[in-house]
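# Per-entry structural report
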Amino acid sequence: MGFGFNLFFVFLLIPLTGILLLTWLLTRKKIFGKFIGFIWLGIIGLMFLALIVHWLTDKKELKKKDYYGYYIIDREFFRGRQADWQYNSFRFEIKENDSIYFYKTDKENFFKTYKGTISTTGYSSERLIIDFEQPVHHILTTNPTTYRRVWSFYLVFNSPKFNNVYFKKGKWKPIDN
(Lines give C-alpha, C1' and ligand atoms only; values in the text may rest on other atoms or scores of the structure.)
Protein backbone atom coordinates (compact mmCIF):
# COMPACT_ATOMS: atom_id res chain seq x y z
CA MET A 1 0.00 0.00 0.00
CA GLY A 2 1.00 3.62 -0.29
CA PHE A 3 2.62 5.98 2.18
CA GLY A 4 -0.68 7.69 3.03
CA PHE A 5 -2.32 4.37 3.88
CA ASN A 6 0.61 3.46 6.12
CA LEU A 7 0.24 6.76 8.01
CA PHE A 8 -3.51 6.18 8.35
CA PHE A 9 -2.90 2.62 9.54
CA VAL A 10 -0.19 3.40 12.11
CA PHE A 11 -1.42 6.71 13.50
CA LEU A 12 -5.19 6.39 13.23
CA LEU A 13 -6.51 2.87 12.67
CA ILE A 14 -4.34 0.94 15.14
CA PRO A 15 -4.79 3.48 18.00
CA LEU A 16 -8.55 3.76 17.32
CA THR A 17 -8.87 -0.02 17.31
CA GLY A 18 -6.88 -0.23 20.55
CA ILE A 19 -9.04 2.41 22.25
CA LEU A 20 -12.28 0.75 21.08
CA LEU A 21 -11.04 -2.69 22.11
CA LEU A 22 -10.05 -1.43 25.55
CA THR A 23 -13.40 0.36 25.92
CA TRP A 24 -15.24 -2.78 24.82
CA LEU A 25 -13.35 -4.95 27.32
CA LEU A 26 -13.96 -2.51 30.19
CA THR A 27 -17.64 -1.70 29.53
CA ARG A 28 -18.73 -5.03 28.01
CA LYS A 29 -21.03 -3.13 25.63
CA LYS A 30 -21.46 -4.89 22.29
CA ILE A 31 -21.67 -1.62 20.34
CA PHE A 32 -17.91 -1.11 20.65
CA GLY A 33 -17.17 -4.61 19.34
CA LYS A 34 -19.56 -4.08 16.45
CA PHE A 35 -17.92 -0.74 15.69
CA ILE A 36 -14.49 -2.42 15.53
CA GLY A 37 -15.94 -5.06 13.20
CA PHE A 38 -17.51 -2.45 10.90
CA ILE A 39 -14.28 -0.45 10.72
CA TRP A 40 -12.13 -3.48 9.87
CA LEU A 41 -14.68 -4.96 7.42
CA GLY A 42 -14.80 -1.56 5.71
CA ILE A 43 -10.99 -1.35 5.48
CA ILE A 44 -10.70 -4.95 4.19
CA GLY A 45 -13.54 -4.29 1.74
CA LEU A 46 -11.82 -1.15 0.42
CA MET A 47 -8.53 -3.02 0.06
CA PHE A 48 -10.29 -5.83 -1.83
CA LEU A 49 -12.05 -3.29 -4.07
CA ALA A 50 -8.72 -1.53 -4.76
CA LEU A 51 -7.13 -4.85 -5.73
CA ILE A 52 -9.97 -5.63 -8.14
CA VAL A 53 -9.84 -2.15 -9.70
CA HIS A 54 -6.05 -2.46 -10.04
CA TRP A 55 -6.42 -5.88 -11.69
CA LEU A 56 -9.05 -4.58 -14.12
CA THR A 57 -7.18 -1.40 -15.11
CA ASP A 58 -3.50 -2.30 -14.90
CA LYS A 59 -1.69 -2.60 -18.23
CA LYS A 60 -0.71 -6.06 -19.40
CA GLU A 61 2.77 -7.20 -18.31
CA LEU A 62 4.27 -8.84 -21.38
CA LYS A 63 6.50 -11.90 -21.42
CA LYS A 64 8.26 -13.34 -24.44
CA LYS A 65 5.55 -15.97 -24.95
CA ASP A 66 2.93 -13.19 -25.30
CA TYR A 67 4.58 -12.07 -28.54
CA TYR A 68 4.15 -15.44 -30.27
CA GLY A 69 1.43 -15.46 -32.91
CA TYR A 70 0.18 -13.82 -36.10
CA TYR A 71 0.11 -10.05 -36.62
CA ILE A 72 -1.88 -7.95 -39.04
CA ILE A 73 -2.12 -4.24 -39.78
CA ASP A 74 -4.36 -2.52 -37.25
CA ARG A 75 -6.82 -0.56 -39.38
CA GLU A 76 -8.41 1.08 -36.32
CA PHE A 77 -5.79 3.84 -36.11
CA PHE A 78 -6.09 5.06 -39.69
CA ARG A 79 -8.95 4.09 -41.95
CA GLY A 80 -9.18 4.24 -45.69
CA ARG A 81 -7.54 2.92 -48.83
CA GLN A 82 -3.97 3.22 -47.53
CA ALA A 83 -4.77 1.19 -44.38
CA ASP A 84 -6.64 -1.40 -46.46
CA TRP A 85 -3.71 -1.65 -48.88
CA GLN A 86 -1.24 -2.09 -45.98
CA TYR A 87 -3.54 -4.70 -44.43
CA ASN A 88 -3.54 -6.68 -47.67
CA SER A 89 0.22 -6.17 -48.25
CA PHE A 90 1.97 -6.84 -44.94
CA ARG A 91 1.69 -9.28 -42.07
CA PHE A 92 4.05 -11.27 -39.95
CA GLU A 93 4.29 -14.24 -37.64
CA ILE A 94 6.42 -14.87 -34.57
CA LYS A 95 6.94 -18.55 -33.83
CA GLU A 96 7.80 -20.27 -30.56
CA ASN A 97 11.30 -21.09 -31.81
CA ASP A 98 11.95 -17.31 -31.65
CA SER A 99 11.83 -16.86 -35.41
CA ILE A 100 9.93 -14.10 -37.17
CA TYR A 101 8.58 -14.24 -40.70
CA PHE A 102 7.52 -10.96 -42.30
CA TYR A 103 5.33 -11.51 -45.34
CA LYS A 104 4.91 -9.16 -48.27
CA THR A 105 1.61 -10.19 -49.80
CA ASP A 106 -1.13 -9.38 -52.25
CA LYS A 107 -4.15 -10.40 -50.22
CA GLU A 108 -3.89 -14.23 -50.02
CA ASN A 109 -0.78 -14.51 -52.23
CA PHE A 110 2.69 -14.32 -50.65
CA PHE A 111 5.34 -12.46 -52.69
CA LYS A 112 8.29 -12.37 -50.40
CA THR A 113 9.23 -13.59 -46.94
CA TYR A 114 11.79 -11.88 -44.73
CA LYS A 115 13.22 -14.14 -42.03
CA GLY A 116 14.68 -13.14 -38.71
CA THR A 117 14.90 -13.89 -35.02
CA ILE A 118 13.49 -12.24 -31.92
CA SER A 119 14.62 -11.68 -28.37
CA THR A 120 13.28 -9.59 -25.52
CA THR A 121 14.72 -7.21 -22.96
CA GLY A 122 14.74 -7.83 -19.23
CA TYR A 123 12.24 -5.16 -18.17
CA SER A 124 9.23 -6.09 -16.03
CA SER A 125 7.19 -5.94 -19.23
CA GLU A 126 9.50 -7.39 -21.84
CA ARG A 127 10.16 -5.45 -25.06
CA LEU A 128 10.61 -7.04 -28.44
CA ILE A 129 13.97 -6.94 -30.24
CA ILE A 130 14.12 -8.16 -33.82
CA ASP A 131 17.09 -9.14 -35.95
CA PHE A 132 16.55 -9.77 -39.67
CA GLU A 133 18.75 -11.14 -42.40
CA GLN A 134 19.84 -8.38 -44.77
CA PRO A 135 18.49 -6.84 -46.96
CA VAL A 136 15.43 -6.06 -44.92
CA HIS A 137 12.08 -4.45 -45.74
CA HIS A 138 11.84 -0.73 -44.83
CA ILE A 139 9.14 -1.40 -42.20
CA LEU A 140 11.62 -3.56 -40.29
CA THR A 141 14.57 -1.15 -40.08
CA THR A 142 13.90 -0.45 -36.37
CA ASN A 143 12.66 -2.44 -33.42
CA PRO A 144 8.96 -1.98 -32.78
CA THR A 145 7.58 0.10 -29.96
CA THR A 146 5.19 -1.91 -27.81
CA TYR A 147 2.10 -0.13 -26.53
CA ARG A 148 0.32 -2.02 -23.78
CA ARG A 149 -3.36 -1.90 -23.03
CA VAL A 150 -5.25 -3.51 -20.17
CA TRP A 151 -6.00 -6.78 -22.00
CA SER A 152 -3.86 -6.53 -25.15
CA PHE A 153 -1.01 -4.71 -26.86
CA TYR A 154 0.03 -3.50 -30.30
CA LEU A 155 3.35 -2.99 -32.05
CA VAL A 156 4.37 0.13 -33.97
CA PHE A 157 7.18 0.02 -36.51
CA ASN A 158 8.69 3.30 -37.69
CA SER A 159 9.05 3.03 -41.46
CA PRO A 160 11.04 5.65 -43.39
CA LYS A 161 8.40 5.50 -46.16
CA PHE A 162 5.14 5.08 -44.21
CA ASN A 163 6.07 6.58 -40.81
CA ASN A 164 4.26 4.60 -38.11
CA VAL A 165 2.87 1.21 -39.10
CA TYR A 166 0.55 -0.35 -36.51
CA PHE A 167 0.28 -4.12 -36.04
CA LYS A 168 -1.99 -6.08 -33.73
CA LYS A 169 -2.33 -9.78 -33.04
CA GLY A 170 -4.85 -11.50 -35.26
CA LYS A 171 -5.46 -13.71 -38.25
CA TRP A 172 -5.67 -12.17 -41.71
CA LYS A 173 -9.15 -12.24 -43.24
CA PRO A 174 -10.23 -10.79 -46.58
CA ILE A 175 -11.86 -7.37 -46.26
CA ASP A 176 -14.81 -6.12 -48.25
CA ASN A 177 -13.96 -3.02 -50.29
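A quick note: this is a predicted structure, and the numbers were derived from the prediction, not measured.

## Looking at the pairing of strand β8 (residues 163–169)
With three bridges connecting them, strand β1 (residues 69–73) and β8 associate as antiparallel partners. Paired with Ile-73 across the two strands is Phe-167, which belongs to β8. Pairing of strand β7 (residues 153–159) with β8 involves six bridges; the strand directions are antiparallel. Each residue of the ladder has a partner; that of Phe-157, found in β8, is Val-165.

## Looking at the side chain of Glu-126
Within the element layout of this structure, Glu-126 appears in the loop between β4 (109–120) and β5 (128–132). The buried charged residue Glu-126 lacks any salt bridge, with Lys-63 as its nearest oppositely charged partner at 4.7 Å. Looking at Glu-126, its side chain comes within polar contact range of the side chain of Thr-120, at 2.7 Å. Residues within four places of Glu-126 in sequence aside, it is in contact with Leu-62, Lys-63, Lys-64, Tyr-67, Thr-120 and Thr-121.

Cut-off values and rules
- Residues numbered from 1 in each chain as written.
- Predicted model: local features only at pLDDT ≥ 70, side-chain atom pairs only at ≥ 80, totals over all residues.
- Heavy atoms only, no water.
- Pairing = 2+ DSSP bridges.
- Helix = DSSP H or I, 4+ residues; strand = E, 2+ residues; numbered from the N terminus.
- Buried < 20%, exposed > 50% of the residue type's maximum accessible area, 1.4 Å probe, protein only.
- Lys, Arg positive; Asp, Glu negative; His and termini not counted.
- Salt bridge = Lys/Arg side-chain N within 4 Å of Asp/Glu carboxyl O.
- Polar contact = N/O pair within 3.5 Å; in protein donor to acceptor, adjacent residues only side chain to side chain.
- Contact = heavy atoms within 4.5 Å.

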